[in-house]
Every structure is written in C-alpha cells, then in structure tokens.
Amino acid sequence: MTRRVRAKPFIWVLLAMVYALLLAASNIWADIDDPEFLPDDKRGGIPVPVFDADGRAESGGQAIINTLDIRRFDERGLPVVFLHGSPGGLDNVAGLEPYLNEAGRRTITLDLPGFGASDWDLPDLGSLAHARYVLAFMDELGVRRAHLVGWSNGGAVGLNMADIAPDRVASVTLLASVGVQETEGSGSYLFEHAKYRAGLVVFRGIQLLTPHFGLFGSRGDLAWLRNFDDTDQRPLRGIMASLRTPTLILHGRHDFLTSDWGAELHHRIIPTSRLVMLDGSHFLPMPEPIGQARESAEVMEAFFVRHDTPGVAPITTYDDRAPKPERAGVARAIEWVGERLRWTPWWAVIAGLALLARWRPELAAVLAGMYVGRVDLDFLVAFLGVFVGRMTRAPTPFDGKRLPLSWVGSAVWTGLALFAVFLAEQDTFFWHFGPDDAALRFGAIGFVAWVVLGCLVLHVVRSALRRRGRQRLRAQWTRMTNHEYWPSWVLYLPVVPIWIGRAFKPGGVLAFTAVNPGIPDGGGITGESKHQILRAMGDDPRVLAHEFVPAGGAPDERARRVLNALDERPELNSLPVVLKPDTGERGSDVRIARTEDRVRAYFETIRDDVVAQRYAPGPEEFGVLWIRAPEHVGREPSAGELAGRIFAITDKRFEGVTGDGKRTLGELILADRRGRASVNAIWARHRDRLGAVISKGEFVAFTRTGNHVQGCAFYDGERLITAALERTIDGIARSFEGGLDFGRFDVRCPSASHLARGEELSIVELNGVTSEATNHYDPEKPARFAWGVLRRQWRALYELADARIAAGAKPLSWRTFVRIARSQRMPTGVTD
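Residues numbered from 1 in each chain as written. Predicted model: local features only at pLDDT ≥ 70, side-chain atom pairs only at ≥ 80, totals over all residues. Heavy atoms only, no water.

**Things to note about the overall build of the protein**
Line of reasoning, step 1. When helices and strands are tallied, the protein shows 29 helices and 21 strands.
Line of reasoning, step 2. Against the 2.2 N^0.38 benchmark of 28 Å for 832 residues, the protein shows a C-alpha radius of gyration of 39 Å, more extended than a compact globule.
Line of reasoning, step 3. Classification of the 832 residues of the protein by burial places 52% in the buried group.
Line of reasoning, step 4. For the protein, long-range pairs separated by at least 24 residues make up 74% of all intrachain contacts whose partners lie at least 6 apart in sequence.
Line of reasoning, step 5. When the accessible area of the protein is evaluated, it comes to approximately 38600 Å², of which 59% is carbon and sulfur surface. (Helix = DSSP H or I, 4+ residues; strand = E, 2+ residues; numbered from the N terminus. Rg over C-alpha atoms; globule rule 2.2 N^0.38 Å. Buried < 20%, exposed > 50% of the residue type's maximum accessible area, 1.4 Å probe, protein only. Contact = heavy atoms within 4.5 Å. Areas by Shrake-Rupley, 256 points an atom, 1.4 Å probe, with all protein chains shown as cover.)

**Describing unusual backbone geometry**
Line of reasoning, step 1. Across the junction of Leu575 and Pro576, the peptide omega takes the value 0°, indicating a cis bond.
Line of reasoning, step 2. By the element assignment, Pro576 lies in the loop between helix H21 (555-568) and strand E12 (577-581).
Line of reasoning, step 3. Backbone torsion omega between Gly618 and Pro619 reads 10°, so that peptide bond is classified as cis.
Line of reasoning, step 4. Following the sequence through the fold, Pro619 ends up in the loop between strand E14 (610-614) and strand E15 (620-628).
Line of reasoning, step 5. Although it is not a glycine, Ser152 sits at a positive phi angle of roughly 60°.
Line of reasoning, step 6. Relative to the elements of secondary structure, Ser152 occurs in the loop between strand E6 (146-151) and helix H4 (154-164).
Line of reasoning, step 7. The phi angle at Val375 is positive, at roughly 60°, despite the residue not being glycine.
Line of reasoning, step 8. Along the polypeptide, Val375 turns up in the loop between helix H12 (361-373) and helix H13 (379-392).

**Here we look at the sheet that holds strand E20 (residues 742-749)**
Line of reasoning, step 1. Taking strand neighbours across the sheet as the criterion, the five strands line up as E19-E16-E15-E20-E21 in an open arrangement whose pairing is antiparallel. Across the chains shown, the open sheet's two edge strands, defined by having one partner strand only, are strand E19 (713-716) and strand E21 (762-767). Between one strand and the next, the sheet's axes are offset by a mean angle of 30°, whatever the strand orientation.
Line of reasoning, step 2. As judged from the four bridges shared by strand E16 (residues 644-653) and E19, these two strands associate in the antiparallel manner. Directly across from Thr650, in E19, lies its bridge partner Asp716.
Line of reasoning, step 3. Seen against the sheet, helix H26 (residues 723-734) touches E15, E16, E20 and E21 and runs at an angle of roughly 105° to E16.
Line of reasoning, step 4. Helix H28 (residues 783-806) rests against E15, E16, E19 and E20 of the sheet, and its axis sits at about 45° to E15. (Pairing = 2+ DSSP bridges. Axes fitted to C-alpha atoms, helices over the stretch in contact; angles between N-to-C directions.)

**Regarding the pattern of salt bridges**
Where charged atoms from two side chains of opposite charge approach closely, those side chains can pair.
Line of reasoning, step 1. Evaluation of the coordinates by the stated rule reveals 55 salt bridges.
Line of reasoning, step 2. Between Arg234 and Asp232 there is a salt bridge; the shortest N-O distance is 3.0 Å.
Line of reasoning, step 3. For Asp232, a relative accessible area of 28% translates into the label partly exposed.
Line of reasoning, step 4. Across the pair Lys652 and Glu621 runs a salt bridge whose closest N-O atoms are separated by 3.3 Å. (Salt bridge = Lys/Arg side-chain N within 4 Å of Asp/Glu carboxyl O.)

**Details of the sheet that holds E14**
Line of reasoning, step 1. In space, the four strands of this open sheet follow the order E11-E14-E12-E13, with antiparallel pairing throughout. The open sheet has two edge strands with one neighbour each: strand E11 (546-549) and strand E13 (591-593). When strand polarity is set aside, the average angle formed by the axes of neighbouring strands in this sheet is 25°.
Line of reasoning, step 2. Both E11 and E14 contribute to a ladder of four bridges, which runs antiparallel. By the bridge assignment for E14, His546 is matched with Gln613.
Line of reasoning, step 3. Its contacts with the sheet place H21 against E11, E12 and E14, and it is angled at close to 160° to E11.
Line of reasoning, step 4. Against the sheet, helix H22 (residues 596-605) makes contact with E11, E12, E13 and E14, and its axis sits at roughly 0° relative to E12, the strand it touches most.

Spelled out as structure tokens, the structure:
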C-alpha cells in the first residue's frame, strides 16, 4: 500500500516564498524613483552640508535640496524664500509666486529636506535642522538677506531662522502657521510625539509588510512624520517673545488645521507682529476658489516693501477682515465650552468623552467632531475618547460578540464619523451650514435639531452596514411606529387636559387618591403590598394562596421557610412556586422557581419582603379592570344588582418563536418582530439558552409572566365580557376588606371560554388606582383607541373620587404623594 504524501505543508511553504519575493520586489519598486537612489550626475538641486542632531555640519557630508528660483530682469527689493508645510513641497506656494513676480519680487521655493525631490535620509528633519539647511542653502545661492514666508509647519522654520541669524532675515511671514506647543493638536508635547511615532510605526509597517508596488509610497514618503517628530515647538514661545524681526501673521478665520485663536495668541506674544485675519481657510497660498492667493500676495508685498530697508518700525495692529459674528445664547455657550476644551488636559478630555460615549456614542461623536472642526479639540484625542467609550459600554443583543475584527471596524467607523462631522463644521465654498451656523441662525432649537439629525444619520448609516444593525433599525422602527411601545408620557398626553381640569375642582389633581379605602397610601398609587392586598381578599379559593417572607434573616432560613410552607400548606401545592418582591413594580424580579435550588438562589439576591405564591399553570392569563359605580360608593347595591362593571379585559398572549433546527434561540429572537422590540428583557431571561439551536417545531415563549415589558402581548378582550364573568368579579371585589372601588385583577385560567363563564379562575394579583386598562396596548388597534381608553378610565376614576370625597374621604397631600412616589422600587429584571 502506497502512502499518500500530504501536500498542504508544501503549499504553505510555496505561498510564503511567493509572498517574500513579492514583498522584496515591492520595496525595490517603491524606492526606485526616490531621489536618494539616483546617481549623483543625474540629480538636480543645490548641495549643502549635512547637519547632525546637534546642529554641527558633518565633515564631507552633502545633502541635495531641490529648488525653484524665479528671477526677473527688473528685480526690485529683497528676495522671498518660501518654506512649505508638512507634508508638502515647493509647489504648495505656486499660487503666490505669479503675483509677487509681477511686482518684481524674486521668489525662491525649495523642497525642505525630507520632502519632494530633496534628500530625506538625514540625521534630523526637525524645524531647527531645517532652519540650518535653509541658511546654508541661501549661502549657496548667494542670498545674504531675504524675507521668509513659512506656511503651516514652515512657520516654525522661519522663526528658528530669525532666532539663529536675525541679520539674514528681513521679515518673517507666518502664513497659516504653527506656533507655540499649546496650539498644536492636544497641546501636549508627549502626546503629540507619541502620535507621530505611532504613525511612523503603523505606516512603515504597512509599507514593509504589504506588497504594494509603490501604492503606499517609498520610505522617503514618510519623512513628513519624522519632520513632525523631530520638531520641538516648546522653544517657540521664548523665540516669539524675544523676536525683534518684523513679523506678519497672515491667517484664515476658518482654518481647520491651525486655529484662528492660535494666531491671535501668537500676535499677543510677538511684540513686532501685525495680524491680518482673512476670510479663508488653511489654504491661503492656493488659487481661488480654494485659497486666497491674490489677497495674501497683496498683503505680503505691502509688508515686504516696508521692510526691504532695515530698521523700519513694524506695524503691530490687528487687521480683522473676517470678524466673528456676535454670539449669544447657545452659540456663545458652544464657544465658551470650546475655549475651555483648548486648555483642558488631553487625558481629562478623553475620559469625559469616554463617559459620554458609553451613554450615547453618536452624541459623543457629533459633539467631538464639531469641536474638532472648530479647532478646539485634537482629532486623535476625540477619536480615543469616543472609541474607548464605545468599546467599554455594555454590549446590546444587536452588537454581537466583540471579535478582533469588530474592534477594527469600530475604530474605522469612529474615525469616519468624526471626520464626517468635522467636514460638516467647515464653512467652505461647498458647504455653508454646520452646527455653528444652526446655533447662530436658529438658536437652541436649530442647534438641537442639527445634533439630533447628526446622531440619527450616524446611527442609521452604521446600523445599516450590519445584519444585526439592520435588525436593530427594524426593532426601533417597530417601537417608534406602534403605540404599544411608546413612552408613557406620550400615551398619557390626552389625559393631561383632564388632570389640568381637576386642578380647579375639589380634591385637585390628587383627588383619585381618595379611592380604594381598603388599600393604604392613596388606594394603591405605587409600591402597595401584594401580601396585604391578597390577604384583604379573604379566604376566597379563587385567590391564589401565598406565604409572606419578611425581610431579614439568612437566605437559607428564608428559603427554608418557603419550602416548609409548601410541605405544610396544601393550598400552596408544591413546586413550582412563584417568588416575587412584596412591593415590586411592573414584574420586576418575578421568578418561577421549579426546584429547591432555585428557591435558595432567589433569596441569595433578593433581601426585601417576598411573596411566595402558588403557581397557576393557566395557561391563559387575563387582566380584568373592574370599576365600582359612583352611586354605589358608601352603600351596598340591592339584591341582583352589581356594585360595579368590568371596564376592560386584556387578553395576554405568551408569544414566542418556533425552532427550525438551524438557528439559535438568539437568532430566532432577533428575527422575530416582537422579539426584537423587547429584546433586552427577553435576552436577559433566556441568556442561558441563547446559543442553543432550537429543534424544529419546538416553541419557546418569550415569557411566562403576563407582563408587557417582558414581551407578553396584550390584546383587547372586550368579547370576553359576559354577565357571568361580571357577577363573579363583582362578588370578589365586593368582598375586599375595607372597600375596593377601582382595580385590575390579574387572572389565570385554562381557557378564554372558562374566563367568559367565570369558572376555574385563579386570581394572581390585584392592582390599585394607578393600574391601567392594559387592553390599550393592543398592537392591532390604532393609537387613538389607546388614548380613548385612557381618557375614559381617568374620567371614571375621578367620578369615583368625587363620590368618595363627598362621603368624607380625603385625598393625599402633595407632600405625602411625592414621598410615596419616590419610594417606588424600580424594575431590575425578570426571569422565569
């Protein structure tokens, strides 16, 4: 028998060899056009000495600087040396040269070392080293004295030249220029240089490890990052303060890279400076419509003419040609926050943004991007704050597992979101309406509308890119368009006029708290004791038996009390048993304990008073709202007459998903309309099974407790109101100790027909005056149905209140009402 040789290892070796060859070829190809690799006789430019990091010229060292020197026969005044920004090259200021040449001005532009066709493999590429190279370059050209124009990062070169050789510099023009360290990005030297070095590592790694064949440039194309890293802006403040060279600060009001407030700060520091603020951006030296080359050249030429002759006193005024609009209200508040952000430590800003992003990531991105656009906040600081907050917030069911790729995706999305808002903030020739404009034109309403729209766009776009994100959007659309998921304040808007009207009647708005004399604290407004209410219904066998377990004592003792009661009280039956807080709200912490271990586990987490109640399998559950007739307040009805009527019935349906043998429970829940809409509560309840594949045909209910918040569907059950049922419920209500006027009975029974006949009912709970006719949550009914139900319910409640007050009852005071409301126990989750 011949043994088969496995080919897979050889394939991997072959692929590795091919990758290595491609990588080597790619790096050779990328560097083949780099000036550093051309023979000396093929290279153009001006040779200058090579300076080490300490500024000493290396013996025999030579660097080539590429230049463009434009001269005229009618040359007038001193030449102008242009110093470009980073990244950049000598063509960056090409828009200015024609205007200055027309004025008879000689212009000299050059590729600074590390840029364009000049050498880049040098010991130091910082602005101080560049200053030494340019002075040596001027020596080679025979230029003894010149005007310097430093655009962006080139301004630092000009300032260093004026400091090293003030006699060689007739004037310095800081054209949209950098300056003191505090105005650069985060304002922190350590943070900024960590950023540059990280950029060098990342981009160099991409170049070295990717067969890109020049697509990502050559090694020399990253010299601009070295320029930033080798430059130390901290000494510039001292240089500026002691500068005696005439200085023109020419800046754009809408500069998004070097701030207008930075230019104003530099003007205050430099004693010999004149500031001219133009209605432009960072691209002042470029032709219109992108830049303001003509206007910039006119300002500079007038400045050069004045200072061609040494010793002329500089003009030190501020010529503001783009004054800021007067700001008030929210626009001034936005500006005030930005002013504080400029001087807040970068780590504090990151922490603050992270906290905001943990709560609302889109809001954090919109606000951070806005302040990046205003040049009050560094882009990387904003990115780190939003990204950290986003990745440390608790994941939702729609987020899925956080795999390494999802971290990369989130980082990319955070950067794009910030950049999009940054662009929206820019007031350029293609965009004239950002958040700042909205605040100025329309005040708080305009600004809030702009922010909300920005958050909405970011949320929709990001969610639409992922399957679970699209499920999130569908869930949110369901909750937004179906009134059963609307916030309570929206549903209760039509009731507000009723409350306002009650303010001018006896008892006021709180008149309803005079109802239900048998339930203390306002008839059951909130936090009423289930134990006391169940006990007040007497020994009616239809009321499910319960055991009250007071707070205090060890968890094992409390659990043993429940288990002993199950053994000793036949009416409690046996396991399973329903455990719930005595004053819980909206189904919070309700658990169906099916084993003794589950009973013990429940008391490990719940320390409050607990009701252990007999479990009624149902399987159907209904909510029956009974209201006493006002004429029967204080007197019993005659024989055969009902004390009250059933106002509404809620048909509670325990919906769920059916397995297909392929998808997990989590996937089935997210694919279901109702499951998505209530996913957080359903996800928490089924967290132990979410990853399990559900067998074909198996039904998994979202919940077994009749609570709408937990995923139970509520439908209008008006068809089930019968004379038999009304007699049954009326009898139970009339037997309530102390008096019951208004309450909703939660009832379990074998079927709807049993309910209609008033047979085999199991009363789970009774809720007081603030219980709702929950049939208004019916998803098949329009919102006007819900509003109509609530209005009729509250009118009936106030009619009862008037009858009780007339009989001598007193409603709660506002002080007592607030005290009771503040003591309400908030929901903390439900599990079956």
